[in-house]
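One-letter residues, chain by chain:
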Amino acid sequence: MEFGGPLGVSFLMIFFPLLMWYLHSCIFLFDGQYVSPWTFLQNASSVIELFFPTTMSIQLYIGFTFYQAFTAYTCPGVIVKGLPVPSLQGKQLSYLCNGITTWYIDLILLVVLHYTNILPTQIWIQHIHGIVTVSILWSYIVSTIAYLTAILTQSTHRMSNNHLYDYFMGASLNPRIGTWLDLKMFTEIRIPWKFLFLISLSAAVKDHQYNISTPTANTLQPLAFMGIHTSAPFLFMTLAHGLYVNACMKGEECIPTTWDIFYEKWGYMLIFWNLAGVPLTYCHASLYLSHRAHTLHNPVIHSSLYTTILFIVLLLAYYVWDTANSQKNRFRMQERGTYIERNTFPQLPWGTLKNPTYIQTKQGNKLLTGGWWGVARKIHYTADLIMALSWGLISGGPWNEGGLWSPIPYFYVCFFTTVLIHRMSRDVNLCKQKYGDDWDRYCKVVPYTFIPGII
Ligand code: NDP
């Protein structure tokens, strides 16, 4: 059993939501400073008052979820086969990958709803406190329905027969609604990243309106001329999250063969992180920026040089991350004969390798040693971590900006480093088991994990 068995997972199921409320309280009630758990508890009545769901927060979050499910079910897209599933006698499930179509529809709809004033984009950040609680409660509701449905329909898989542990790890492997709505893939791709982007965009729109009504020097001047008065850190976070969501949508066809979709079950662990944890924790930087600018009236301001360097770092790291992922995924798809050429935007140079070097393993698979995969074995993790650090640097700043400094914007990079190190060690163990001495041979050819010549 992982995560400390039934006792460990029971603790985590209480700890995760408390952590979310605690971190959000640190931003909004304690102006970006970590306080002791005791202070947090002493302020319980303020916390409850702040995070109590409003009718609008319920409508926004649940409406977003059902709207996403509707477009995921109905929009056209490419159909991709997953890996053979042993529990289904080697059957390969089909996945409808229409993420990119739904993403463009989302963007058009956002603009229409904003300019018609039906749903002004800043509304999401205005109701963010209630949304935090709704997302936590919703993840419990969805986990419970998923667990009971799997038991009632006898579609359980790899059960430990301890209810708490199975509730956490999941009971069903490939739950679906109809032919096309694969619930695990849907919650992994559509909700977290799109909602994260929505929060950052909402903060940026609020900043634009704030700067118009309260003119400050904190606007990126060239854009101000074009009628956009959002300050640079907000634009940075919107771009960073926009790039992330776009990457997930444009390369969605690579996801059905990943570990999460092929192996992990659909339980509280995945459901909580996808529906609540990722969108409402990874957004701390944007929330902190908004609290500083719009509540404390003390916006985060950097020099043009510092801001420009961070934009360049973000775009370079994104380039390495995107192309490293696509090189490996496309190499694997070509090997399996499932590769499909897509023209989704942007297709970056060096995203697909022609005749790369590789190691042929006795297991049958090939291990790529060309392209970025010849530089370091987890170079895409390094690039992802650099992007995460840049989110912190643009919203927190490395020093005391405007008389305030907060560690909150750096929570994501610290948390994410732990996640990726855990993921890496789990993956190395799996690959060692799978490829045996061929894996050791691969590690000799590509000796570094994260940074060539160093680690
Ligand atoms: P990887 O993309 O590293 O996938 C690992 C698998 O790839 C291995 O099990 C192996 O599978 C295959 N593989 C490893 N090395 C090679 C090689 N040299 N040649 C060919 N195949 C190889 O891991 P993740 O799925 O963890 O990460 C994917 C991306 O998602 C990363 O960029 C990561 O940063 C990001 N991510 C982001 C998260 C977030 O919350 N923001 C969370 C997790 C990941 P096999 O041999 O069986 O094909």
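Everything that follows concerns the structure shown earlier in this document.
Residues numbered from 1 in each chain as written. Predicted model: local features only at pLDDT ≥ 70, side-chain atom pairs only at ≥ 80, totals over all residues. Heavy atoms only, no water.

1. Topic: the overall build of the protein
Assigned secondary structure in the protein consists of 19 helices and six strands. Whereas a compact globule of 455 residues would reach a radius of gyration of roughly 23 Å, the protein reaches 22 Å, a difference of no more than 12%. C-alpha extents for the protein along the principal axes are approximately 65 × 50 × 45 Å. Scored against the burial criterion, the 455 residues of the protein give a buried share of 55%. Restricting the contact set of the protein to residue pairs at least 6 apart, pairs at least 24 apart contribute 77%. For the protein, the computed accessible surface area is about 20,300 Å², with 67% contributed by carbon and sulfur atoms. Charge-centre separation for the protein: the mean point of 27 positive side chains lies 8 Å from the mean point of 21 negative side chains. (Helix = DSSP H or I, 4+ residues; strand = E, 2+ residues; numbered from the N terminus. Rg over C-alpha atoms; globule rule 2.2 N^0.38 Å. Buried < 20%, exposed > 50% of the residue type's maximum accessible area, 1.4 Å probe, protein only. Contact = heavy atoms within 4.5 Å. Areas by Shrake-Rupley, 256 points an atom, 1.4 Å probe, with all protein chains shown as cover. Lys, Arg positive; Asp, Glu negative; His and termini not counted. Charge placed at Lys NZ, Arg CZ, Asp CG, Glu CD.)

2. Some thoughts on empty space enclosed by the protein
Per the counting criterion, the structure on display carries three cavities of 30 Å³ or more. Space inside the largest cavity adds up to approximately 100 Å³. In terms of lining, the largest cavity is formed by A72, Y95, L96, N98, W180, L181, D182, M185, F186, I189, R190 and E252. Going through the elements one at a time, β2 (91-97), β4 (181-182) and α9 (183-189) are the ones with two or more residues in the lining of the largest cavity. At three residues, α9 tops the list of elements feeding residues into the lining of the largest cavity. (1 Å grid on protein atoms, 1.4 Å probe; cavity = no way out; pocket = protein on both sides within 12 Å on 5 of 7 lines; lining within 4 Å. Points joined across faces, edges and corners; volume = space filled by probe spheres on them.)

3. A word on the site of the ligand
Around the ligand, the surrounding shell holds 24 residues, and the nearest of these are R332, Y381, D384, K434 and Y435. In this structure, an oxygen atom belonging to the ligand sits 2.9 Å away from a side-chain N or O atom of H380. Taken by itself the ligand offers 920 Å² of open surface, and the protein chains cover 83% of this. Examining the composition of the shell around the ligand, we find that seven residues originate from one element, helix α18 (residues 411-435), more than from any other. For the shell around the ligand, the class distribution of residues is 13 nonpolar, two polar and nine charged. (Near = heavy atom within 4 Å. Polar contact = N/O pair within 3.5 Å; in protein donor to acceptor, adjacent residues only side chain to side chain. Nonpolar A, V, L, I, M, F, W, Y, C, P; charged D, E, K, R; others polar.)

4. Considering helix α5 (residues 99-115)
Think of an α-helix as 3.6 residues a turn; residues three or four steps apart then line up on the same face. Look at α5: 24 Å from first C-alpha to last across 17 residues, which is about the 24 Å you get at 1.5 Å a residue. Among the residues of α5, those classed as buried are G99, I100, T102, W103, D106, L110 and H114. Each buried residue of α5 lies within a common arc of 160 degrees when the element is viewed along its axis, so the set occupies one face. With respect to the buried face of α5, the exposed residues turned more than 90 degrees away are I108 and Y115. Where α5 is buried, its residues meet α4 (55-74), β2, α10 (191-213) and α12 (232-250). Of the residues flanking the end of α5, it is N117, one or two places downstream, whose phi is positive at about 65 degrees. (Expected span 1.5 Å × (residues − 1). Arc of directions from axis to C-beta.)

5. A look at unusual backbone geometry
Of note, the bond from F345 into P346 is cis; its omega dihedral lies within 30 degrees of zero at -10 degrees. By secondary structure assignment, the location of P346 is in the loop between α16 (304-336) and β5 (358-360). Backbone geometry places F3, a non-glycine residue, at a positive phi of 55 degrees. Topologically, F3 is positioned in the segment before α1 (5-28). Note on F3: relative accessible area 33%, which makes it partly exposed. The phi dihedral of N161 is positive, around 70 degrees, even though this residue is not glycine. Along the chain, N161 falls in the loop between α7 (128-152) and α8 (163-169). Taking relative accessible area as the criterion, N161 reaches 70% and is therefore assigned exposed.

6. Brief notes about the packing of α10 against helix α14 (residues 268-281)
Contact geometry of α10 with α14 gives a least axis separation of 8 Å together with a crossing angle of 30 degrees. Taken together, α10 and α14 sit at an angle that is classed as roughly parallel. Handedness of the crossing formed by α10 with α14: right-handed. Judged by residue contacts, I191, P192, W193, F195, L196 and I199 of α10 engage N274, L275, V278, P279 and L280 from α14. Across the contact of α10 with α14, the residue classes tally to 10 nonpolar, one polar and no charged. (Axes fitted to C-alpha atoms, helices over the stretch in contact; angles between N-to-C directions. Parallel < 35°, antiparallel > 145°, perpendicular 65-115°, else oblique. Left-handed = near helix turned anticlockwise from the far one by under 90°.)

7. Remarks on the nonpolar core
Among soluble globular proteins, nonpolar side chains are generally buried collectively. In this structure, F168, F195, Y282 and W391 are the most contacted members of the largest nonpolar core, which totals 133 residues. Looking at this core element by element, the count peaks at 11 residues for α10. When near neighbours in sequence (up to four residues on either side) are disregarded, F168 contacts F3, V9, L12, M13, F16, G267, Y268 and M269. (Core = buried A, V, L, I, M, F, W, Y, C linked by side-chain atoms within 4.5 Å.)

8. Notes on the state of the cysteines
Using the criterion set out here, one finds zero disulfides in the structure. Among the cysteines around C248, which has no disulfide bond, C254 carries the closest sulfur, lying 11 Å off. Judged by relative accessible area, C248 falls into the buried class, the value being 12%. Free of any disulfide, C254 has its nearest neighbouring cysteine sulfur in C97, separated by 8.8 Å. (Disulfide = S-S within 2.5 Å.)

9. A closer look at the packing of helix α17 (residues 379-395) against α18
Between α17 and α18, the least distance of the axes is 9 Å, while the angle of their chain directions is 165 degrees. In this view, α17 runs roughly antiparallel relative to α18, as classed from their interaxial angle. For α17 against α18, the interelement crossing comes out right-handed. Touching Y381, D384, L385, A388, L389 and W391 of α17 are Y412, V413, F416, T417, L420, R423 and M424, all from α18.

10. Notes on α16
Compared with the 48 Å implied by 1.5 Å per residue over 33 residues, the 48 Å span of α16 between its first and last C-alpha is a close match. Where α16 terminates, the next one or two residues include G337, which has phi positive at roughly 80 degrees.

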